[in-house]
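Descriptive analysis of the structure
These are the residues of each chain, in order.
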Amino acid sequence: EETGYTAGDIAEEIKYGRAIAARILGKHKAYDNPALLKYVNLVGASLALSTNRPELEFHLTILDTEELNAYAAPGGYIFITKGALKYMKDEAELAGVIAHEVAHITERHVVKELKIKGTDDSSDLARLAGGSSGAARAAFGQAIEKGLELIFKDGYKKEDEMQADKTSVTISTLSGYDPTGLARYLNRIKSIKE
């Protein structure tokens, strides 16, 4: 288990997640429905209060696709498809799905898997020299590709998924939602996805 992480690590996590989020939005259009987006973000904000990562700001985006899915990029970026929202019966189900994605972020699953860290030397000169080198940029680019593969193709490790499910129940409960929301939703879409 990791012992802790620095402010530099968090800054890197957010920068990395933002780059992945930009790529996701390059792949899928955002759904233009300001009222629905505001609602989804309010649910997300209330769940965020019950996490162990007060330093993160969560940003939720609805993707304009009929696919049934939700994705999380490090640093607080969460995407839910328009298709997934259609199959949700109540706010507890929405909260459960968001909380599951929040858990992937708060537990730093992608960050740990790909060892995303801030640079140890925080002197401005070292950061400027190291951060703008071609090698550093290439490494960052490769990490983005790997992160996208993990999120879209390979999926998380089984224990990470189980931890996210468990954490989702905790976050939902602490936020005052029916903790069975995620399970109800997943059972409903299982029959559709098969």
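First things first, this report covers the structure right here in the doc.

Rules and cut-offs
Residues numbered from 1 in each chain as written. Predicted model: local features only at pLDDT ≥ 70, side-chain atom pairs only at ≥ 80, totals over all residues. Heavy atoms only, no water. Helix = DSSP H or I, 4+ residues; strand = E, 2+ residues; numbered from the N terminus. Contact = heavy atoms within 4.5 Å. Areas by Shrake-Rupley, 256 points an atom, 1.4 Å probe, with all protein chains shown as cover. Axes fitted to C-alpha atoms, helices over the stretch in contact; angles between N-to-C directions. Parallel < 35°, antiparallel > 145°, perpendicular 65-115°, else oblique. Left-handed = near helix turned anticlockwise from the far one by under 90°. Nonpolar A, V, L, I, M, F, W, Y, C, P; charged D, E, K, R; others polar. Pairing = 2+ DSSP bridges. Core = buried A, V, L, I, M, F, W, Y, C linked by side-chain atoms within 4.5 Å. Buried < 20%, exposed > 50% of the residue type's maximum accessible area, 1.4 Å probe, protein only. Phe/Tyr/Trp six-rings, centres within 6.5 Å; stacked < 30°, edge-to-face > 60°. Lys NZ or Arg CZ within 6 Å of the ring centre and 35° of its normal.

1. As for the overall build of the chain
In terms of helices and strands, the chain carries nine helices and three strands. When the helices and strands of the chain are placed in sequence order, the string is α-α-β-β-β-α-α-α-α-α-α-α. Nonlocal contacts in the chain, meaning residues at least 24 apart in sequence, comprise 72% of its contacts between residues at least 6 apart. Per element, the accessible surface of the chain, about 10400 Å² overall, is 56% carbon and sulfur.

2. Side note on the packing of helix H4 (residues 91-106) against helix H8 (residues 158-174)
Across the interface, H4 lies against H8 with an axial gap of 8 Å and an inter-helix angle of 125°. In terms of their interaxial angle, H4 and H8 are classed as oblique. For the crossing formed where H4 meets H8, the hand is right-handed. Along its contact with H4, which presents Ala-95, Gly-96, Ala-99, His-100, Val-102, Ala-103 and His-104, the element H8 presents Asp-160, Glu-161, Ala-164, Asp-165, Thr-167, Ser-168, Ile-171 and Ser-172. Its residues assigned to classes, the contact of H4 with H8 comprises six nonpolar, six polar and three charged.

3. Examining the sheet that holds strand E3 (residues 77-81)
Ordered in space as E1-E3-E2, the three strands form an open sheet in which the pairing is mixed. Taken across any chain shown, the strands that pair with only one partner, and hence form the sheet edges, are strand E1 (59-63) and strand E2 (70-73). When strand polarity is set aside, the average angle formed by the axes of neighbouring strands in this sheet is 20°.

4. Thoughts on the environment of Lys-86
Relative to the elements of secondary structure, Lys-86 occurs in helix H3 (residues 82-86). Considered as a pair, Lys-86 and Glu-66 are 20 residues apart in the sequence and their alpha carbons are 8.7 Å apart.

5. A word on the nonpolar core
Of all hydrophobic cores here, the largest spans 47 residues; its most connected members are Ile-80 and Ile-98. At seven residues, the largest contribution of residues to this core is made by H4. If we skip the residues at most four places from it in the chain, Ile-80 touches Thr-61, Ile-62, Leu-63, Asn-69, Ala-70, Leu-85, Met-88, Leu-94, Val-97 and Ile-98.

6. Structural notes on the packing of aromatic side chains
Enumeration over the complete set of coordinates arrives at two aromatic pairs. Residues Tyr-16 and Phe-140 carry aromatic rings whose centres are separated by 6.1 Å and whose planes lie at 75° to one another, so their mutual orientation is edge-to-face. Placement of Tyr-16 in helix H1 (residues 7-27) and of Phe-140 in helix H7 (residues 134-154) is noted, with a sequence separation of 124 residues between them. The class for Tyr-16 is buried, based on a relative accessible area of 0%. A centroid spacing of 4.4 Å and a plane angle of 55° characterise the contact between Tyr-71 and Phe-152, whose relative ring orientation is tilted. Here the residue Tyr-71 occupies a position in strand E2, and Phe-152 occupies one in helix H7, the gap between them amounting to 81 residues. A relative accessible area of 22% means that Phe-152 is categorised as partly exposed. Sitting over the ring of Phe-152, Lys-27 keeps its end group 3.9 Å from the ring centre. Looking at Arg-108, its charged tip hangs above the ring of Tyr-5, at a distance of 3.9 Å from the centre.

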